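Residue strings, one per chain:
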Amino acid sequence: MKKISTILLLGLFILTLSFAAAAQDLSGEEVLTNIENARQAETASMQMTMELYNAAGDMRSRQLNSRHKEGEVEKSLIEFTSPADVAGTAFLSLEDNSSSEEDMYLFLPVLGSVRKISGSQKNGNFVGSDLSYIDLTVFSGANYKDNYQADVLDSSNEEYLLKLNPTDPDINYKYGKMWVKTDIWSPKKVEFYDQSEELLKTVQLEDFKKIDNNWIAQKITVKNEQKGTKTVMKMTEIKFNINLDDQLFTTRYLER
Amino acid sequence: MKKYLSLIILITLVTLCAFSTAAAELPFSLSGDFKTKYIYDLENENNLDQTELNLEIEKDFSYTGGFYLNLGLESYSEYLMNNKNRETELSIKEGYFDYYTENIDWRAGKQIFNWGSSYNIKPSNYFNPIDIGAINPLENREGINALQAKYYLNNVQHFTAVVGLREDINDFQQALKFTKRRWHGFDFSLSLFRGNELEKYNQNEYPKVTKAGFDITGDIGQKNIGIFSEVVYNDFKSPIFNDGLETVVGFDYKFENNLYLLGQYYYQKRLFENIDDSQIISLHAEKPFWQFHSWEANLLYDLNSELIVLRPKIIYSLTEAMEIEAGAVLKANDDQRSQLARANEELIYLGINSYF
């Protein structure tokens, strides 16, 4: 009897170890895939407040609406609603996944017309914030796999620590580090390092909520550790998988 | 007193609208800006000022149509025969109705067309004269009464037809344009115009002209450098004027440090035999600093007269939607025979802009 109990206990122990090993055995790519799968929305609509803080702590606020639609052509529309000096400004991005060609359009109320803008407009910061344009699309769409390759640095039952290596030539970071929560498969913190391998930005993702089966951080804080500036994005009125008319993502709509 | 009456009425109206609780329930949106500038004319050593209140009233009926009205109240000082006068003008800068059908967007009323992908100097801008009274005339255009129809073949191709009537000329201006977007990463358009030149020539004449234009904009290279070009052929009715090409070629690029650079070359075949072809190089740079503020600089270089016009500007954000603007217009190798020189008087200015 004693022998059987011992064997059973041993077997259980080995089984537990193997399960534990399996849970900690994911590759970096598999973790990024899990992150992507945790957000499977075909469409997304968000209202956002963007608070910009300079090094002295002064703040400027921007309110914007963001709409996104997946498909053969990935479509994004960002419209500023306040303050008054930027209200009405809109960006439209149309990325053809088959050719990787991206067309970007800007509508400025003062011009009253739509202007095609060059891809270099994605360089630098997005409307004075601490995010680059690519940061914004990656964080809001959770499509890290499109832009990064990941290696696992550390893991536990609660989280993974990944090293992110940029695969998109438009990304100017040398590398990043990402802490991923395994319960909801979402990043909770990301650090980006510049070409001199100095810490450049820290991104904190907080206030997680599951909306329409998609996990999203409702608050994202981006700190530029070298300049002392900060951007806080607060997402409100988030909707996934709603019906977004293709006509919304056209220059015709922008000009109206 | 009469001059100030309309100003007082308008300010009272705006104040009531802005602070009234009923403002939140207006059946249209109300916005605008208030700009005031102190100007020192370096050429004539005069002190001038400009104050402008723009009210924008807009109503959008979603997919059916809407209306838009931009009222401008301007008060400015000017010198006439060494006497300083004050003028106050109330005007409709733009005012039009929109009506949308399944394939056609209609617009009727006073409007500004922003044709052409170039920077400020735009050969394809057939309809709207520059506002010579503005500090930067090339950035400010005057509206014309017109009927515009845009017929959409699909989301990337459309025809635009315009029939307009300029206030300074009792003659119709007409144009037809075809636009194709997202063609191998480029947008291009072909246009045809019949009407009058925007500028006066011999004996105060706006010459009759037919123009055929081509415009293209897109990116090139791995770095996504923006390129743009406009080519217009001018066919004048009067044999006094030389027919010929007017063209712009340019590039733009935004760096990782947020510096934005633009450069373009403008050429126009001489209108008369006794003058040179026009050749102007434009350079524009702008960059944010200290997070909320920005500077920009514009340089125009006339290759024939060697005139240089430099326009530096700083915009300093005070609070949300309120900023200080300081700038200057400086010239080197000034030549008053040059149209560019006459459109750019040397001055420095300081102003406050407020948006609501």
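Note that the coordinates shown come from a computational prediction; the quantities given were computed from them, not determined experimentally. (Residues numbered from 1 in each chain as written. Chains lettered and ligands numbered in written order. Predicted model: local features only at pLDDT ≥ 70, side-chain atom pairs only at ≥ 80, totals over all residues.)

## A look at the overall build of chain B
Argument step 1. Secondary structure summary: chain B contains two helices and 18 strands in total.
Argument step 2. For 356 residues, the compact-globule estimate of 2.2 N^0.38 gives 21 Å, and the C-alpha radius of gyration of chain B, at 22 Å, lies within 12% of that figure.
Argument step 3. Across its three principal axes, chain B shows a C-alpha extent of roughly 55 × 55 × 50 Å.
Argument step 4. Expressed as a percentage of the 356 residues in chain B, the buried residues total 26%.
Argument step 5. At a minimum sequence separation of 6, the contacts of chain B that also span at least 24 residues come to 44%. (Helix = DSSP H or I, 4+ residues; strand = E, 2+ residues; numbered from the N terminus. Rg over C-alpha atoms; globule rule 2.2 N^0.38 Å. Buried ≥ 20, exposed ≤ 12 C-beta atoms within 10 Å, placed from the backbone. Contact = placed C-beta atoms within 7 Å.)

## Thoughts on the overall build of chain A
Argument step 1. Per the secondary structure count, chain A includes four helices and 13 strands.
Argument step 2. Every one of the 256 residues in chain A was classed for burial, and the buried ones make up 30%.
Argument step 3. Contacts in chain A between residues far apart in sequence, at least 24 positions, make up 42% of those at least 6 positions apart.

## Thoughts on the nonpolar core
Argument step 1. Core analysis: the biggest nonpolar cluster contains 45 residues, and Val 31, Leu 92, Tyr 105, Ala 150, Leu 162, Val 180 and Ile 220 of chain A have the highest contact counts within it.
Argument step 2. Looking at this core, the element that brings in the most residues is strand E1 (residues 43-53) of chain A, giving six residues.
Argument step 3. Setting aside its immediate chain neighbours within four residues, Val 31 of chain A contacts Leu 26, Ala 150, Tyr 160, Leu 162 and Val 180 of chain A.
Argument step 4. Counting residues in each nonpolar core, the second largest holds 10 residues, with Ile 112, Trp 115, Phe 127 and Ala 146 of chain B among its members. (Core = buried A, V, L, I, M, F, W, Y, C linked by C-beta atoms within 7 Å.)

## Observations regarding the interface of chain A and chain B
Argument step 1. With 29 residues of chain A in contact, the opposing surface of chain B contributes 32 residues.
Argument step 2. Counting residues per element, the ones that place at least two in the side of chain A that touches chain B are strand E2 (59-69), strand E5 (101-108), strand E6 (113-117) and helix H4 (251-255) of chain A.
Argument step 3. For the side of chain A that touches chain B, the class distribution of residues is seven nonpolar, 16 polar and six charged. (Nonpolar A, V, L, I, M, F, W, Y, C, P; charged D, E, K, R; others polar.)

## A few points about the environment of Pro 27 of chain B
Argument step 1. Positionally, Pro 27 of chain B belongs in the loop between helix H1 (2-19) and strand E1 (29-41).
Argument step 2. Taking C-alpha positions, Pro 27 of chain B is 22 Å from Trp 106 of chain B, a pair spaced 79 residues apart along the chain.

## Details of the environment of Lys 75 of chain A
Argument step 1. With respect to the helices and strands, Lys 75 of chain A occurs in strand E3 (residues 73-82).
Argument step 2. In this view, Lys 75 of chain A contacts His 68, Lys 69, Leu 94 and Phe 249 of chain A; residues no more than four positions away in its chain are not counted.

## Some words on the pairing of E5 of chain A
Both faces of the sheet carry side chains from a regular strand, because those side chains alternate between them.
Residues and elements named next belong to chain A.
Argument step 1. In terms of strand pairing, strand E4 (residues 90-96) meets E5 through seven bridges, oriented antiparallel. The residue of E5 that forms the bridge with Leu 94 is Asp 103.
Argument step 2. Counting the residues in the hairpin turn of E5 and E6 gives four residues, including Gly 112, whose phi is positive at 70 degrees. (Pairing = 2+ DSSP bridges.)

## What about the pairing of strand E16 (residues 308-319) of chain B?
Residue and element names in this part refer to chain B.
Argument step 1. In this sheet, E16 lies alongside strand E15 (residues 293-302) in antiparallel orientation, the contact comprising eight bridges. Opposite Leu 300, over in E16, you have Val 309 as the bridge partner.
Argument step 2. A loop of five residues connects E15 with E16, the two strands running antiparallel in sequence, and Glu 306 in this loop sits at a positive phi of about 65 degrees.
Argument step 3. In this structure, E16 lies alongside strand E17 (residues 322-332), joined through nine bridges in antiparallel fashion. In the strand pairing of E17, Ile 314 is matched with Ala 326.
Argument step 4. Counting the residues between successive antiparallel strands, the hairpin from E16 to E17 contains two residues, one of them, Ala 321, with a positive phi of roughly 60 degrees.

## Re the confidence of the model for chain B
Low pLDDT marks regions whose predicted coordinates should not be analysed in detail.
Residues and elements named next belong to chain B.
Argument step 1. Across chain B, pLDDT averages 88, with 91% of residues at or above 70.
Argument step 2. Below a pLDDT of 50 lies the segment residues 19-23, which in the model reaches two contacts outside its immediate sequence neighbourhood of four places, other chains included.
Argument step 3. The complex model carries a pTM of 0.87, and its ipTM stands at 0.87. (pLDDT = per-residue confidence, 0-100.)

## What to know about unusual backbone geometry
Argument step 1. For the bond running from Ser 82 of chain A to Pro 83 of chain A, omega is 5 degrees, close enough to zero to count as cis.
Argument step 2. Locating Pro 83 of chain A in the fold gives a position in the loop between E3 and E4.
Argument step 3. Even without being a glycine, Asn 241 of chain A presents a positive backbone phi close to 55 degrees.
Argument step 4. Here Asn 258 of chain B, not a glycine, exhibits a phi torsion of approximately 75 degrees, which is positive.
Argument step 5. Note that Asn 258 of chain B resides in the loop between strand E12 (244-254) and strand E13 (260-268).
Argument step 6. You can call Asn 258 of chain B partly exposed: it has 15 C-beta atoms within 10 Å.

## Comments concerning the environment of Val 110 of chain A
All names here are of chain A.
Argument step 1. With respect to the helices and strands, the residue Val 110 is situated in the loop between E5 and E6.
Argument step 2. Owing to 10 C-beta atoms within 10 Å, Val 110 belongs among the exposed residues under this scheme.
Argument step 3. Measuring from C-alpha to C-alpha, the distance between Val 110 and Phe 80 comes to 14 Å, with 30 residues separating the pair along the chain.

## Considerations on helix H2 (residues 28-37) of chain A
Residue and element names in this part refer to chain A.
Argument step 1. Three or more residues of H2 are buried, namely Gly 28, Val 31, Leu 32 and Ile 35. Along the axis of H2, the buried residues cluster in a sector spanning 100 degrees; they form a single face.
Argument step 2. Looking at the buried residues of H2, the elements they touch are strand E7 (148-155), strand E8 (159-166), strand E9 (175-181) and strand E10 (186-193). (Arc of directions from axis to C-beta.)

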